[in-house]
Amino acid sequence: MLAPVRSLCVYMFRRLTVRMNSPYFTDSTAGLDTSATDSMGESAVNKGGIRRLRSRMAQGLKSEDDPPKVKAEVHEQSISLQTHAQPHAETVSNSKKTTTKVKEEAVDNQALLTSSRKTRRGRLKVEYEEEGAELKREPCDWRTQLSFIREMRSKRDAPVDQMGAEKCYDTEAPPEVRRYQVLISLMLSSQTKDLVTAGAMQRLREHDLCVDAILNMDEETLGKLIYPVGFWRTKVKYIKQATALIQQEFGGDIPDTVEGLMRLPGVGPKMAHLAMDIAWNQVSGIGVDTHVHRISNRLGWTRKQTKTPEETRRALEEWLPRDLWSEINWLLVGFGQQVCLPVGPLCSVCVNQHTCPAAHQCSPSKKLKSSPASPSPQVKGNEGQERPRGNRRKGKAGAPPSGQTS
């Protein structure tokens, strides 16, 4: 681009030189020396022409180098000058329109900036929620561990399978009586082995276990029938009070909600959820007893070590699929009765020993416990373990009722 400009400058300079030397630029009437005048005029004209030429060239170069925005502004100024030539009223209206348009554009730009800021903030919030959701993610290998527990429980020969709450009620009794018997068996099973609970339920059924029969039965007789369940004296009072409340407020049938069941004396969250599942065939939550609480913490199914069964229930319900809530109780209870024992768990025979965080920490080499119902020495061992347990409670719960052999 500099070559054409340079050639143009040379051309213009030559033309100006020719014009300056022409006779039209000389003053013949003056009394000055012609040579001096020509030289002075030529130098002055040349200087002025070169300056004007340089200024015009600079303006041309500047106009070519200006961005389109400057040209657009110059064009808008020319348009505005033409607009001023119109009548005053039209000028005022156009100025108002222009001002309104500028304001609208400013508002639109501000709204665009605000929306972009809000969009960025929303993305940050989503990322934060995703990070919070990761805290409730499923434990590692829990599906594999659960499938192995199903495999180890495939025989269904644990005490809970043969003498649990699902096996203790009279199947030929009316529906409300069956539901009441399920509730009583759950109340008796607290801190009591299934073998002892099944024996107490059998004796109660022989004396017509229903709401009216329990209300008409005195506490001494009821204590003789349920002994030696754990804390039998306290359970006698709870059973009498709960039965009276069922008769007065619920028409002789157990409540059909968790809240209603927990209003009954001696009924906690575990019993309420299990009663809803077994008696009413409704899954309202996970029934967490000492076995489920212990095994869940050993397998790492809780985000942190929980201290109570209720904390374990809430931790499991956060991630465990709802269709497994009914199955998980009897699976882990039987697994805890046979393999994952409270003291000395049989990790050497457990299929989950390679994925369980608590494996081999306090596990001696033992054999798998057989079913208490089978005619094996283990049955006698279980029965023998229950007798000293009742004797140790004599100091706390009192001696057995009169007429009851120990």
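To be clear, the structure that these remarks concern was listed above.
The structure presented is a predicted model; accordingly, all values stated were derived computationally and were not measured.

Asks: Sorry, what's going on with helix 8 (residues 194–206) here?
Replies: With 13 residues, helix 8 extends 18 Å between its outermost C-alpha atoms, agreeing within 8% with the 18 Å of an ideal straight helix rising 1.5 Å per residue. Backbone geometry just after helix 8 places D208 at a positive phi near 60 degrees.

Asks: Just to check I follow, could you spell out the side chain of R179 for this structure?
Replies: Tracing the backbone shows R179 in helix 7 (residues 175–188). With near-sequence residues (within four places) excluded, R179 lies in contact with D253, I254, A279 and W280.

Asks: So what exactly am I meant to see when it comes to the pattern of salt bridges here?
Replies: Any two side chains of opposite charge can pair, so long as their charged atoms come close to each other. For the structure shown, the criterion picks out nine salt bridges. Between R205 and D170 there is a salt bridge, with the nearest N and O atoms lying 3.9 Å from each other. Taken together, the residues span a long stretch of sequence, with R205 in helix 8 and D170 in the loop between helix 6 (159–163) and helix 7 at a distance of 35 residues. On the basis of relative accessible area, R205 is assigned to the partly exposed category, the value being 31%. Overall, the relative accessible area of 26% leaves D170 in the partly exposed class.

Asks: Got a minute to help me understand the environment of W232 in this structure?
Replies: Topologically, W232 is positioned in helix 11 (residues 232–249). Taking the C-alpha atoms as reference points, W232 and T192, 40 residues apart in sequence, are found 10.0 Å from one another.

Asks: Teacher, can you tell me more about the packing of aromatic side chains here?
Replies: Within the structure shown, the criterion is met by three aromatic pairs. With 5.0 Å between their ring centres and 70 degrees between their planes, W142 and W319 make a pair best called edge-to-face. With a gap of 177 residues between them, W142 in helix 5 (residues 142–152) and W319 in the loop between helix 15 (309–317) and helix 16 (325–338) connect regions that are remote in the sequence. Each member of the pair, W142 as well as W319, carries the same accessibility label: buried. A ring pair is formed by W301 and W319, whose centres lie 6.0 Å apart and whose planes are at 85 degrees; its orientation type is edge-to-face. One end of the pair, W301, is in the loop between helix 14 (290–299) and helix 15; the other, W319, is in the loop between helix 15 and helix 16, and 18 residues separate them in sequence. Assessed through its relative accessible area of 2%, W301 is described here as buried. Each residue in the set W142, W301 and W319 is aromatic and connected to the rest through ring pairs, giving one cluster. The ring of W280 is capped by R179, whose NZ or CZ atom sits 4.1 Å from the centre of that ring.

Asks: Explain the packing of helix 14 against helix 16 to me, please; I cannot follow it from the model alone.
Replies: The description of two packed helices rests on the angle between their axes and on the distance between the axes. Between helix 14 and helix 16, the least distance of the axes is 8 Å, while the angle of their chain directions is 85 degrees. Considering the angle they form, helix 14 stands roughly perpendicular to helix 16. Side by side, helix 14 and helix 16 meet where H291, V292, R294, I295 and S296 of the first sit next to N329, L332, V333, F335, G336 and Q337 of the second. Here the contact of helix 14 with helix 16 is built from residues that sort into five nonpolar, five polar and one charged.

What counts as what
Residues numbered from 1 in each chain as written. Predicted model: local features only at pLDDT ≥ 70, side-chain atom pairs only at ≥ 80, totals over all residues. Heavy atoms only, no water. Helix = DSSP H or I, 4+ residues; strand = E, 2+ residues; numbered from the N terminus. Expected span 1.5 Å × (residues − 1). Contact = heavy atoms within 4.5 Å. Salt bridge = Lys/Arg side-chain N within 4 Å of Asp/Glu carboxyl O. Buried < 20%, exposed > 50% of the residue type's maximum accessible area, 1.4 Å probe, protein only. Phe/Tyr/Trp six-rings, centres within 6.5 Å; stacked < 30°, edge-to-face > 60°. Lys NZ or Arg CZ within 6 Å of the ring centre and 35° of its normal. Axes fitted to C-alpha atoms, helices over the stretch in contact; angles between N-to-C directions. Parallel < 35°, antiparallel > 145°, perpendicular 65-115°, else oblique. Nonpolar A, V, L, I, M, F, W, Y, C, P; charged D, E, K, R; others polar.

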